Amino acid sequence: MNKIERFVYDIVKSNPKLKKQIRNIYQSAFDLLPRRKQYSIYPIILKEGFFFGFHELQPFSDDNSKVLVNKLSYNKVRMPTQKDFIDVGYLKFDGISLGDFVKLGETNSWNFHKGCRLQWINGDKIIYNCTYKGKMVSKIVNIHSKEENIIPYPVDSVSPNGKYATSFSYERLEKHMPGYGYCHKDDYSFINDKTPQDTGLFLIDLKTGKRKLLVNLKSLSKQTLTYEAASVSNHYVTHSEFSHDSTYISFLHRWSGEFKDKRYTELMIYNLETWELFHVPTTGHMTSHYDWNNKREIIAYCNYNNQDAHVLLKIDDLQSSHYVAYPQLNSDGHQSFIDDKSFVTDTYPDKWRMAKLFRVNISHNEVELLASVHSPKKFQSSPSKGHVACDLHPIVSPDGKFVCFDTVHTGKRALAIMALS
């Protein structure tokens, strides 16, 4: 972002509705000018009609031979309904091209951003959200035997050791953050209660299927950092993720402000060994996206010391946290670690509707452009179409050799893979 764009962003950043309206008007003015050329440092491998979704889950198998995907069932640019099913499974990958699709199930519990939370469990099983007998559940499938097991609740993220999963009300999430939940009802959303004490962040034992409420929304609203409207706002949780050692659960506690279009966020961490909750001391009630590395550090786009930036949060030594590549990199993005000292991140489409992908070296604060791809206007979110935008959501393979991302630069939603060397 340039200085003027940054100035406007800082004014409207906590009001998602207004921010989108200003962005749409701003980008429309540049539609009259010639389009910028696309760029990628290495060839982009594409498979149209597929997507994965959010950046904190891992689609690659351990040997990179399989890439988890959602297969679209319609081509129109619109939000899904309860009648819209997608196929879930994986694409074969040989490091050069994407091959056949292997179907493992189907679901009508999905959206374009968080997908159906399709993810691996210990290498030979997958889990994804779906419906069963009219209720939201999740299903575990063995990719070899095709044996299935129903978990009676939807999941968000699975712990790296494969024992647990986080969960929350997707109905409540959809109500307060449209486009990130599902168009199904549940009996634990307490949708008309601003700060219910019987819902919040849950922990599911994937062996027994039993669920435990770790943190309730009423307690979160009471202990939130000083804010005059926190007690009369609608509270919810989202964006949960386990640390790589399965010890911590991080999540975003969000609430709407005095004016319903204004949103505030705190990054919270729950310690599964001590059963204690603590707040990461960012400022300005703003954290948007983040990812863990192996050193119990988080790279987050947040407000730190009253400045929005990518910040390395050292969870075991928070006083040593610091900005990364600021001000070279001064806009929001979805991060994915390559290794403990580098990560990739994207940007939202700029005024030319170009979304960018960067590689960032933490030690040297170096930023390298990996790709710049076009996002056609028809994929622009709006009140009439809903949250149909295609964010890149880059995700690096476990060995750091490849990055996959969602893209619409061909005019159709597609899964893309690019080598990182």
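This text follows the structure it describes.
Residues numbered from 1 in each chain as written. Predicted model: local features only at pLDDT ≥ 70, side-chain atom pairs only at ≥ 80, totals over all residues. Heavy atoms only, no water.

### Remarks on the overall build of the protein
- When helices and strands are tallied, the protein shows four helices and 28 strands.
- Against the 2.2 N^0.38 benchmark of 22 Å for 421 residues, the protein shows a C-alpha radius of gyration of 20 Å, consistent with a compact globule.
- Projected onto the principal axes, the alpha-carbon positions of the protein cover approximately 55 × 55 × 45 Å.
- Taken across its 421 residues, the protein has 57% of its residues classed as buried.
- Restricting to contacts in the protein with at least 6 residues of sequence separation, those with at least 24 account for 51%.
- When the accessible surface of the protein is split by element, carbon and sulfur atoms take 50% of a total near 18200 Å².
- For the protein, the distance from the average site of its 54 positive side-chain charges to the average site of its 46 negative ones is 6 Å. (Helix = DSSP H or I, 4+ residues; strand = E, 2+ residues; numbered from the N terminus. Rg over C-alpha atoms; globule rule 2.2 N^0.38 Å. Buried < 20%, exposed > 50% of the residue type's maximum accessible area, 1.4 Å probe, protein only. Contact = heavy atoms within 4.5 Å. Areas by Shrake-Rupley, 256 points an atom, 1.4 Å probe, with all protein chains shown as cover. Lys, Arg positive; Asp, Glu negative; His and termini not counted. Charge placed at Lys NZ, Arg CZ, Asp CG, Glu CD.)

### Examining the sheet that holds strand S14 (residues 235–242)
- Read from one edge to the other, the open sheet built from four strands follows the order S14-S15-S16-S17, with strand pairing classed as antiparallel. With partners counted over all chains shown, the strands left at the sheet margins are S14 and strand S17 (276–279), one partner each. Averaged over all adjacent pairs, the angle separating strand axes in this sheet is 30°, with direction ignored. (Pairing = 2+ DSSP bridges. Axes fitted to C-alpha atoms, helices over the stretch in contact; angles between N-to-C directions.)

### Thoughts on the side chain of Ser336
- If you trace the backbone, Ser336 turns up in strand S22 (residues 335–339).
- Here the side chain of Ser336 touches Val396 through a polar contact of 3.0 Å, landing on its backbone nitrogen.
- The residues contacting Ser336, other than those within four sequence positions of it, are His55, Asp291, Phe343, Val344, Pro394, Ile395 and Val396. (Polar contact = N/O pair within 3.5 Å; in protein donor to acceptor, adjacent residues only side chain to side chain.)

### Comments concerning the nonpolar core
- Counting 35 residues, the largest nonpolar core has Phe93, Leu98, Trp110, Ile126, Tyr128, Leu415 and Ile417 as its most contacted members.
- Tallying contributions element by element places strand S5 (residues 86–93) first for this core, with five residues.
- Ignoring anything within four residues of it in the chain, the contact list for Ile126 reads Leu68, Leu104, Leu118, Gln119, Trp120, Ile121, Lys139, Ile140, Val141 and Ile143. (Core = buried A, V, L, I, M, F, W, Y, C linked by side-chain atoms within 4.5 Å.)

### Some points on the sheet that holds strand S4 (residues 66–71)
- Taking strand neighbours across the sheet as the criterion, the four strands line up as S3-S4-S5-S6 in an open arrangement whose pairing is antiparallel. Single-partner strands in this sheet number two, and they are strand S3 (50–51) and strand S6 (98–107).
- As judged from the seven bridges shared by S5 and S6, these two strands associate in the antiparallel manner. Note that in S6 the partner of Phe93 across the bridge is Leu98.

### Structural notes on the environment of Ser145
- Along the polypeptide, Ser145 turns up in the loop between strand S9 (135–142) and strand S10 (148–151).
- Residues Ser145 and Ser65 lie 80 residues apart in sequence; the distance between their C-alpha atoms is 18 Å.

### Observations concerning unusual backbone geometry
- Residue Pro327 is reached from Tyr326 by a cis peptide bond, and omega for that bond is 10°.
- One can find Pro327 in the loop between strand S21 (322–323) and S22.
- Even without being a glycine, His239 presents a positive backbone phi close to 50°.
- Mapped onto the fold, His239 is located in strand S14.
- Accessibility expressed as a relative area gives 5% for His239, which makes it buried.
- For Ala325, which is not glycine, the phi torsion reads 50° and is therefore positive.
- The exposure class assigned to Ala325 is buried, which follows from its relative accessible area of 1%.

### Examining the pairing of strand S20 (residues 307–314)
- Among the eight residues of S20, six are classified as buried, and the element is accordingly described as predominantly covered.
- Across eight bridges, strand S19 (residues 297–304) lies against S20 in antiparallel orientation. Each bridged residue has a counterpart across the sheet, and for Tyr301 the counterpart in S20 is His310.

### Some details on the side chain of Arg172
- Mapped onto the elements of the fold, Arg172 is located in helix H3 (residues 170–176).
- One buried charged residue, Arg172, forms no salt bridge at all, with the nearest opposite charge on Asp193 at 5.9 Å.
- Among the polar contacts listed, one links the side chain of Arg172 to the backbone oxygen of Ser189, at a separation of 2.9 Å.
- At 2.7 Å, the side chain of Arg172 forms a polar contact with the backbone oxygen of His235.
- If we ignore the near neighbours within four places in the chain, the residues touching Arg172 are Ser189, Phe190, Ile191, Asp193, Lys194, Thr195, Pro196, Leu217, His235 and Tyr236. (Salt bridge = Lys/Arg side-chain N within 4 Å of Asp/Glu carboxyl O.)

### Quick look at the pattern of salt bridges
- Applying the stated criterion across every chain yields a total of 13 salt bridges.
- In this structure, Arg117 engages Glu56 in a salt bridge whose closest nitrogen and oxygen atoms are separated by 2.5 Å. Of this pair, Arg117 sits in the loop between S6 and strand S7 (119–121) while Glu56 sits in the loop between S3 and S4; the two residues are 61 residues apart in sequence, bridging distant segments of the chain.
- In this structure, Glu171 and Lys185 form a salt bridge, with 3.7 Å as the shortest nitrogen-oxygen distance. Placement of Glu171 in helix H3 and of Lys185 in the loop between H3 and strand S12 (200–205) is noted, with a sequence separation of 14 residues between them.
- Judged by relative accessible area, which is 11%, Glu171 ranks as buried.
- Judged by relative accessible area, Lys185 falls into the exposed class, the value being 68%.
- Residues joined in a network through salt bridges with shared partners are Glu56, Lys114, Arg117 and Asp156.

### Things to note about the environment of Pro59
- On the secondary structure map, Pro59 appears in the loop between S3 and S4.
- According to the relative accessible area criterion, Pro59 is buried, its value standing at 0%.

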